[in-house]
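# Fold and contact review
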Amino acid sequence: MFQHETNIRVTYADTDQMGYVYYGNYARFYEIARAESIRSLGFTYSQLEKSGVMMPVLENHSKYISPARYDELLTIRTIIAEKPAVKIKFNYEIENEEKKIIHTGETLLAFVDIKTGRPKRMPENLEAVLGQFYDK
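Summarised in this report is the structure supplied together with it. (Residues numbered from 1 in each chain as written. Predicted model: local features only at pLDDT ≥ 70, side-chain atom pairs only at ≥ 80, totals over all residues. Heavy atoms only, no water.)

### Topic: the overall build of the protein chain
Within the protein chain, the secondary structure is distributed over three helices and seven strands. Reading the secondary structure of the protein chain in the N-to-C direction produces β-α-α-β-β-β-β-β-β-α. On C-alpha atoms alone, the protein chain measures out to a radius of gyration of 16 Å, which is about the 14 Å that the 2.2 N^0.38 rule sets for 136 residues. With respect to the principal axes defined by its C-alpha atoms, the protein chain has extents near 45 × 35 × 20 Å. Sorting the 136 residues of the protein chain into buried and exposed places 40% on the buried side. Taking as baseline every contact in the protein chain between residues at least 6 positions apart, the subset at least 24 positions apart corresponds to 67%. Roughly 7800 Å² of accessible area belongs to the protein chain as shown, and the carbon and sulfur atoms make up 50% of that amount. With 18 positive and 19 negative side-chain charges, the protein chain shows a spacing of 4 Å between the two charge centroids. (Helix = DSSP H or I, 4+ residues; strand = E, 2+ residues; numbered from the N terminus. Rg over C-alpha atoms; globule rule 2.2 N^0.38 Å. Buried < 20%, exposed > 50% of the residue type's maximum accessible area, 1.4 Å probe, protein only. Contact = heavy atoms within 4.5 Å. Areas by Shrake-Rupley, 256 points an atom, 1.4 Å probe, with all protein chains shown as cover. Lys, Arg positive; Asp, Glu negative; His and termini not counted. Charge placed at Lys NZ, Arg CZ, Asp CG, Glu CD.)

### Some points on the sheet that holds strand β1 (residues 2-9)
One open sheet accounts for five strands, arranged β1-β4-β5-β6-β3; its pairing is antiparallel. Among the strands making up the open sheet, the edge pair consists of β1 and β3 (57-64). Strand-to-strand, the axes of this sheet are offset by a mean angle of 20 degrees, without reference to chain direction. The strands touched by helix α1 (residues 25-40) are β1, β3, β4 (73-80), β5 (87-95) and β6 (101-110); relative to β1, the strand with the most contacts, the crossing angle is about 130 degrees. (Pairing = 2+ DSSP bridges. Axes fitted to C-alpha atoms, helices over the stretch in contact; angles between N-to-C directions.)

### Thoughts on the side chain of Glu 95
For Glu 95, the location among the structural elements is in strand β5. Looking at Glu 95, its side chain comes within polar contact range of the side chain of Arg 77, at 3.0 Å. In contact with Glu 95, other than residues within four places in its own chain, are Leu 73, Leu 74, Thr 75, Arg 77, Lys 100 and Ile 101. (Polar contact = N/O pair within 3.5 Å; in protein donor to acceptor, adjacent residues only side chain to side chain.)

### Topic: helix α3 (residues 124-131)
Those residues of α3 that fall on the buried side of the exposure criterion are Leu 126, Leu 130 and Gly 131. On an axial view of α3, the arc spanned by its buried residues comes to 130 degrees, and they lie on one face. Exposed and facing more than 90 degrees away from the buried side of α3 are Glu 124 and Ala 128. Structurally, α3 contributes buried residues whose contacts are with β1, β4 and β5. (Arc of directions from axis to C-beta.)

Structural data, given as structure tokens:
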């Protein structure tokens, strides 16, 4: 299983009138954490796109447990629990500064050939790196 942690500090722009992180911003937090987790493996989304692969989101699920507030430092744990193939599922756990899980979520993405728009297997170079977390 692959895991990576990303920290994000909540800004005023992230909050609503109640001072809580606006619900729509969690998808943005997921995207930041997802990109950083891929970067930690030695890849970037732009490199994947240049190699002819895009990764559209097919599903996005969120569970709001407790609100995040302005100026809190959040830790987003990104987990890839299953070895990807044509689709890749990212799970997220968001902790506040007290190490309390305040939010969980999941996104499902597909590997898609940019030229054809058709699904394809995960790129071999990414598969080689991620494989070390599952082939045991």
